[in-house]
Amino acid sequence: MIKVNDMVKIPDYSGNLAKVTEVINNKLAKTEHTETIKKYGKKQEITVTGTYPVTSLRKEDEPYKNSEIHEKNRFGTNVDWNGTQIEIVELNTKLERLYEWYAMEHLELNPSYQRELVWKQSQKQEYIEAILKERAEITPVLILKGASDIHEVLDGKQRLTSIIDYIENKFALKSGEYFKDLSRKDTTYFLNAPVKYKRILAYDVEMEVPLDFKLAYFLEINAKGTKVSEDHIRKIENELDKITKGWYSQLFLFIKPNFDKIIFIYYNYKKDRLLI
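These numbers were taken from a predicted model, which means no experiment stands behind them.

## Describing empty space enclosed by the protein
Remark: the empty space left among the atoms is shown by a probe the size of a water molecule rolled over them. All chains considered together, the criterion is met by one cavity of 30 Å³ or more. The volume enclosed by the largest cavity comes to roughly 50 Å³. Around the largest cavity, the lining residues are Leu95, Leu98, Tyr99, Leu107, Leu160, Ile163, Ile164 and Ile167. Contributions of two or more residues to the lining of the largest cavity are made by helix H1 (95–103) and helix H3 (157–167). If one sorts the elements of the lining of the largest cavity by residue count, H3 sits on top with four residues. Classifying every residue of the lining of the largest cavity gives eight nonpolar, no polar and no charged.

## Digging into the sheet that holds strand S3 (residues 28–39)
A sheet is described by the order of its strands in space; here five strands give the open sequence S4-S3-S2-S1-S5, paired in antiparallel fashion. Looking along the sheet, the strands with just one partner apiece sit at the ends: strand S4 (42–53) and strand S5 (58–59). Taken together, the two bridges between strand S1 (residues 7–10) and S5 define a ladder with antiparallel strand orientation. Among the inter-strand pairings, Val8 is bridged to a residue of S5, identified as Lys59.

Conventions used here
Residues numbered from 1 in each chain as written. Predicted model: local features only at pLDDT ≥ 70, side-chain atom pairs only at ≥ 80, totals over all residues. Heavy atoms only, no water. 1 Å grid on protein atoms, 1.4 Å probe; cavity = no way out; pocket = protein on both sides within 12 Å on 5 of 7 lines; lining within 4 Å. Points joined across faces, edges and corners; volume = space filled by probe spheres on them. Helix = DSSP H or I, 4+ residues; strand = E, 2+ residues; numbered from the N terminus. Nonpolar A, V, L, I, M, F, W, Y, C, P; charged D, E, K, R; others polar. Pairing = 2+ DSSP bridges.

Keep in mind these numbers describe shape, not what the thing actually does.
Structure follows, in structure tokens:
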């Protein structure tokens, strides 16, 4: 039990112990401790106060666990993926632009790692109605393929397919309206509905985003939720294992950093052979 005047360890300061100045209730406590800082080239002591959950404090003889669960996000804005520089940015566009990419065959909905279409008619109808009522977001993850204008759909296939099918009058809402039956106002809003998408590309436009990155990112998005079946998650994990653990992967990882040395050895070998 934490009490006033107890000396405790606090999570965000690894120096001296902090003193408990107030136990607000059985959930929160206030602490204070001194830190030495440099100001205008001179050392100066300051008092730092804080309010913490009681469960986050440790008494003097109670250590924090050394092993950590936390890890930095592997998929930040700029990623070095085994030597391939990858950029991930959030961009804004309109729904009609997505349909334009699809109509121009610049939207690839069925990469190898994607699951089949599984949404029922009712799910499609509810999603379209939610867009029209500003209750649903359109947030796909797209990979720009090399120097082309092709956008590969890494996440959002079910939703994008529903949108495309509705625009092409392949199903009606539960109230009976096909896209062609919408009012001018509804049609205008639907086509201009905001889209916030993640675009992933390799900095070198001559290169494509590696498959193992796509699979790892796909798992990062889907393995933690209920979007994708366990069977499909296992399938993607197996595909990723083939790439990252196969003998050809190990050979590539050896060759890549040693390529110049291998060429040098081969060149000298050929030169010696010619001299013989």
